[in-house]
Amino acid sequence: MPEVVIPDTTSLILFDKIKELDLLRKIYSDITTTKEVTEEFSLDLPGWIKVVKVKDKKYQEALETQIDKGESSVITLAMECENPLLILDDRKARKVAEKLSLNITGSLGVIYKAKQMGVIKQVKPLIDKLLTTDFRISEQLVREFLILNNEQSEDY
C-alpha cells in the first residue's frame, strides 16, 4: 500500500464531475496534493485531501518545460515522498513519471481498485458516467476494462 496518494488536477476534476470524489477517500488513507493542483481545480477541495507545497521549486520548474504546472508539481511532490502513488491520466505526464520510476495509476485504475476492494459492486455505472464527460477512452479499452472486471461489454 502506498504511503501517500497524489492525484493531479485532471483526476480530481473527473471524479468531481461524476460525483465520485469520495471514492478516493474510500480506498486510500493518505491523499495529498499540491497548491498548484488546488488552484487549477478552482473549487474547494474536501478537508480529507491534504495540500502541501513542493520543496524543490527548481525541479518543478524544469518539469514545467515538458508538462503543465499541476502535473509537474505532483511529480515533484512524489519525488519528495516515500512510497508515493500518483494518479495521472495525461499520457505525457505518465511518461515523465514512468521515466522517473514513480508508481502511477489513472482514473480507471482507481475504479478498478474500488471494485477489487468491494467499495463498488460494478465498474460499468462509473464508466457510463465517465463517458458523459470529456474523458477520452476508446470503445476497445472500455470493452477490455469491463471484461477485466467480469462485467458485460455488449454495449461498447
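These lines cover the structure that appears in this document, whether it is placed above or below. As the structure is a prediction and not an experimental result, all values here were calculated from the model.

Criteria and cut-off values
Residues numbered from 1 in each chain as written. Predicted model: local features only at pLDDT ≥ 70, side-chain atom pairs only at ≥ 80, totals over all residues. Heavy atoms only, no water. Helix = DSSP H or I, 4+ residues; strand = E, 2+ residues; numbered from the N terminus. Contact = heavy atoms within 4.5 Å. Buried < 20%, exposed > 50% of the residue type's maximum accessible area, 1.4 Å probe, protein only. Pairing = 2+ DSSP bridges. Right-handed = clockwise from strand over helix to strand, strands pointing away. Polar contact = N/O pair within 3.5 Å; in protein donor to acceptor, adjacent residues only side chain to side chain. Axes fitted to C-alpha atoms, helices over the stretch in contact; angles between N-to-C directions. Parallel < 35°, antiparallel > 145°, perpendicular 65-115°, else oblique. Nonpolar A, V, L, I, M, F, W, Y, C, P; charged D, E, K, R; others polar.

Another point: the side chain of threonine 105. Topologically, threonine 105 is positioned in strand β5 (residues 103-105). Apart from residues lying up to four places away in sequence, threonine 105 is in contact with Tyr28, Leu85, Leu86, Ile87, Leu88, Arg94 and Val110.

Moving on, we get to the pairing of strand β4 (residues 84-87). Here β4 shows a buried face lined by Pro84 and Leu86 and a second buried face lined by Leu85 and Ile87. In this structure, strand β1 (residues 4-7) lies alongside β4, joined through four bridges in parallel fashion. Paired with valine 4 across the two strands is proline 84, which belongs to β4. Pairing between β4 and β5: three bridges, direction parallel. Note on β5: the bridge partner recorded for isoleucine 87 is threonine 105. In this fold, β4 hands off to helix α6 (residues 91-99), which returns the chain to β5; that crossover is right-handed.

This part is about the environment of arginine 94. Summarising the element assignment, arginine 94 is placed in helix α6. Relative accessible area serves as the criterion here: at 25%, arginine 94 is assigned to the partly exposed category. Residues arginine 94 and isoleucine 6, spaced 88 residues apart in sequence, show a C-alpha to C-alpha distance of 13 Å. Among all residues touching arginine 94, those that are not within four sequence positions of it are Leu88, Asp89, Ile104, Thr105 and Gly106. A distance of 2.6 Å separates a polar side-chain atom of arginine 94 from the backbone oxygen of leucine 88.

Right, let's talk about the packing of helix α1 (residues 9-17) against helix α7 (residues 107-116) for a bit. Packing of α1 against α7 leaves a shortest axis separation of 10 Å and a crossing angle of 55 degrees. The angle between α1 and α7 falls in the class oblique. In this structure, α1 contributes Ser11, Leu14 and Phe15 to the contact, and α7 contributes Ser107, Val110 and Ile111. Counted by class, the contact of α1 with α7 contains four nonpolar, two polar and no charged residues.

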